[in-house]
Structures are given as structure tokens and as C-alpha cells.
Amino acid sequence: MAIRTSDGHHVEAVLMRHAGRNTACVSSQVGCAMGCTFCATGTMGLRGDLMAGEVVEQLIHLERVTGQKVRNVVYMGMGEPLDNYVAVLAACRYMIDRRTFSLGHGKVTVSTVGVVGAMKRLTVDCPEVNLALSLHAPNEVSLLSDSHQDNARCTSNHDELSFESLLT
């Protein structure tokens, strides 16, 4: 589903239906600064961060349009969630709050290309949230090949996990 933000941009949100549960895939940014050449969002550059309310609003829209309750959330839509840390943290806290969506421990997963400092902070600031490390490449050979190592991780100005450290 394409959702228009308050400043006129569009982000994507998807409801994935599985036996007995519905998982919302949400966006955290308009575009992405990571520059992964095999990712459509990565090639468009970063156009802006979403506010916490705009992240949560994706769940509300998905539930209203589909008539289905969201049981799980994954941050695997547009953007690098940990590059928008403050808003993502606030949205995660709102999603797990018993007075709002009441998503239980482990029902929210933040997927990242490896923004290490923010990964460490999130484990302390919101331990109820799962972290997923996204190791994508155009194909498996590129992901595992030393000669194509740059395809296995995106570049940013942050402290990154190195591919070598993940294999040792």
C-alpha cells in the first residue's frame, strides 16, 4: 500500500498474511541513504525521515483497509530504520505499549544493514524489539564471494559491521 506523508511523499507498507498472524512491513524513511544498487529504495537516495506518528500510521492504515489486526511488525520497508533512530524507537515503544497496539515481546523486528552504534543502543533502549541484520546481495554468489564483498553490504558514513567480522 502506498501511503502519502504529510509533506506529500509516498512510502510503502505491506500486510503479509500468514496462518494465524498478520505481519506489517513498515517504512521508516522516504528513500534511503545506504545506496544499495540492487535495491530500488537505495537507488533513489534519502528524501527524508518519517516521524514516529507516520510510522505508526502505517499500521493504522493497514488495519483499516484490510480489516485485519496486525500481530507482528517488521521494519523492512523503505529506509534504514537505525538512521532514523529517535523516531523508530518512539514508534517501537508505541507499538509494544499495552495501551495501544500491545504487540508482545519479540513481535517487532528492526532490520538493519549494520549501523552498529544504533544496534547496540536499541538493545538497551528497547530490549523487547528484535534486531535483524540484513545481508542482501543480487545473488548468493555475490554475497559469499570475496571479490564481490562490496555488494554484500551497503556503504554509509556510520560505523558498519564488516563482512569479515560476520564470518568469524
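As shown above, the structure is provided for reference.
What you are looking at is a predicted structure, and each value in this text was computed from that prediction instead of being measured. (Residues numbered from 1 in each chain as written. Predicted model: local features only at pLDDT ≥ 70, side-chain atom pairs only at ≥ 80, totals over all residues. Heavy atoms only, no water.)

Draft legend 1. The arrangement of the overall build of the protein in detail. Secondary structure assignment for the protein yields 6 helices and 9 strands. Sorting the 168 residues of the protein into buried and exposed places 43% on the buried side. Contacts in the protein between residues at least 24 apart in sequence constitute 57% of all its contacts with a sequence separation of at least 6. Of the roughly 9,000 Å² that the protein leaves accessible, carbon and sulfur atoms contribute 52%. (Helix = DSSP H or I, 4+ residues; strand = E, 2+ residues; numbered from the N terminus. Buried < 20%, exposed > 50% of the residue type's maximum accessible area, 1.4 Å probe, protein only. Contact = heavy atoms within 4.5 Å. Areas by Shrake-Rupley, 256 points an atom, 1.4 Å probe, with all protein chains shown as cover.)

Draft legend 2. Region of the structure containing the side chain of T23. With respect to the helices and strands, T23 occurs in strand β4 (residues 21-25). The exposure class of T23 is buried, given its relative accessible area of 7%. Contacts of T23, omitting those with residues within four sequence positions, involve V14, L15, M16, H18, N72, V73 and V74.

Draft legend 3. Region of the structure containing the packing of helix α3 (residues 85-96) against helix α4 (residues 116-125). Put simply, α3 and α4 touch, their axes get as near as 12 Å, and they point 30° apart. Taken together, the axes of α3 and α4 are roughly parallel relative to one another. Like other packed secondary-structure pairs, α3 and α4 cross with a definite hand, here right-handed. Of the residues in α4, those touching α3 at Y85, L89 and R93 are A118, R121, L122 and D125. Along the lines of polarity and charge, the residues of the contact of α3 with α4 split into 4 nonpolar, no polar and 3 charged. (Axes fitted to C-alpha atoms, helices over the stretch in contact; angles between N-to-C directions. Parallel < 35°, antiparallel > 145°, perpendicular 65-115°, else oblique. Left-handed = near helix turned anticlockwise from the far one by under 90°. Nonpolar A, V, L, I, M, F, W, Y, C, P; charged D, E, K, R; others polar.)

Draft legend 4. Looking closely at the pattern of salt bridges. Going through the model one piece at a time under the given rule, you end up with 2 salt bridges. When the shortest N-O distance is used, the salt bridge between E63 and K69 registers 4.0 Å. With its nearest N and O atoms 2.7 Å apart, the salt bridge here joins D97 to R99. (Salt bridge = Lys/Arg side-chain N within 4 Å of Asp/Glu carboxyl O.)

Draft legend 5. Representation of the nonpolar core in the model. In terms of nonpolar packing, the biggest core is built from 34 residues, with V73, Y75, M95 and V108 touching the most fellow members. In terms of residue count, α3 provides more of this core than any other element does, 7 residues in total. Beyond its immediate sequence surroundings of up to four residues, V108 is in contact with V73, Y75, C92, M95, I96, L103, V129 and N130. (Core = buried A, V, L, I, M, F, W, Y, C linked by side-chain atoms within 4.5 Å.)

Draft legend 6. Molecular detail of helix α2 (residues 52-66). Over its 15 residues, α2 extends 22 Å from the first C-alpha to the last, a length consistent with the 21 Å expected when each residue adds 1.5 Å. Taken together, the buried positions of α2 are E54, V55, V56, Q58, L59, L62 and E63. Note on α2: the residue one or two positions beyond its end, G67, has a positive phi of about 70°. (Expected span 1.5 Å × (residues − 1).)

Draft legend 7. Broad picture of the environment of R4. With respect to the secondary-structure elements, R4 resides in strand β1 (residues 2-4). The sequence separation of R4 and Q58 amounts to 54 residues, and the corresponding C-alpha distance is 10.0 Å. Excluding residues within four positions of it along the chain, R4 makes contact with H9 and H10.

Draft legend 8. Quick peek at the packing of aromatic side chains. Under the definition given, this model contains 1 aromatic pair. Ring centres of Y94 and F101 lie 6.3 Å apart, and the angle between their planes is 65°; this geometry places the pair in the edge-to-face category. The residue whose ring lies beneath R121 is Y85, and the NZ or CZ to ring-centre distance is 4.0 Å. (Phe/Tyr/Trp six-rings, centres within 6.5 Å; stacked < 30°, edge-to-face > 60°. Lys NZ or Arg CZ within 6 Å of the ring centre and 35° of its normal.)

Draft legend 9. Structural context of the sheet that holds β4. Taken together, 5 strands build an open sheet; the order of strands is β3-β4-β7-β8-β9 and the sheet is mixed. Edge strands, defined here as strands with exactly one partner in the open sheet, are β3 (14-18) and β9 (130-133). Within the sheet, the average angular offset between the axes of one strand and its neighbour, ignoring direction, is 20°. As defined by bridge partners, β4 adjoins strand β7 (residues 72-75) across 3 bridges and the pair is classed as parallel. Looking at the pairing, T23 lines up with N72 of β7. (Pairing = 2+ DSSP bridges.)

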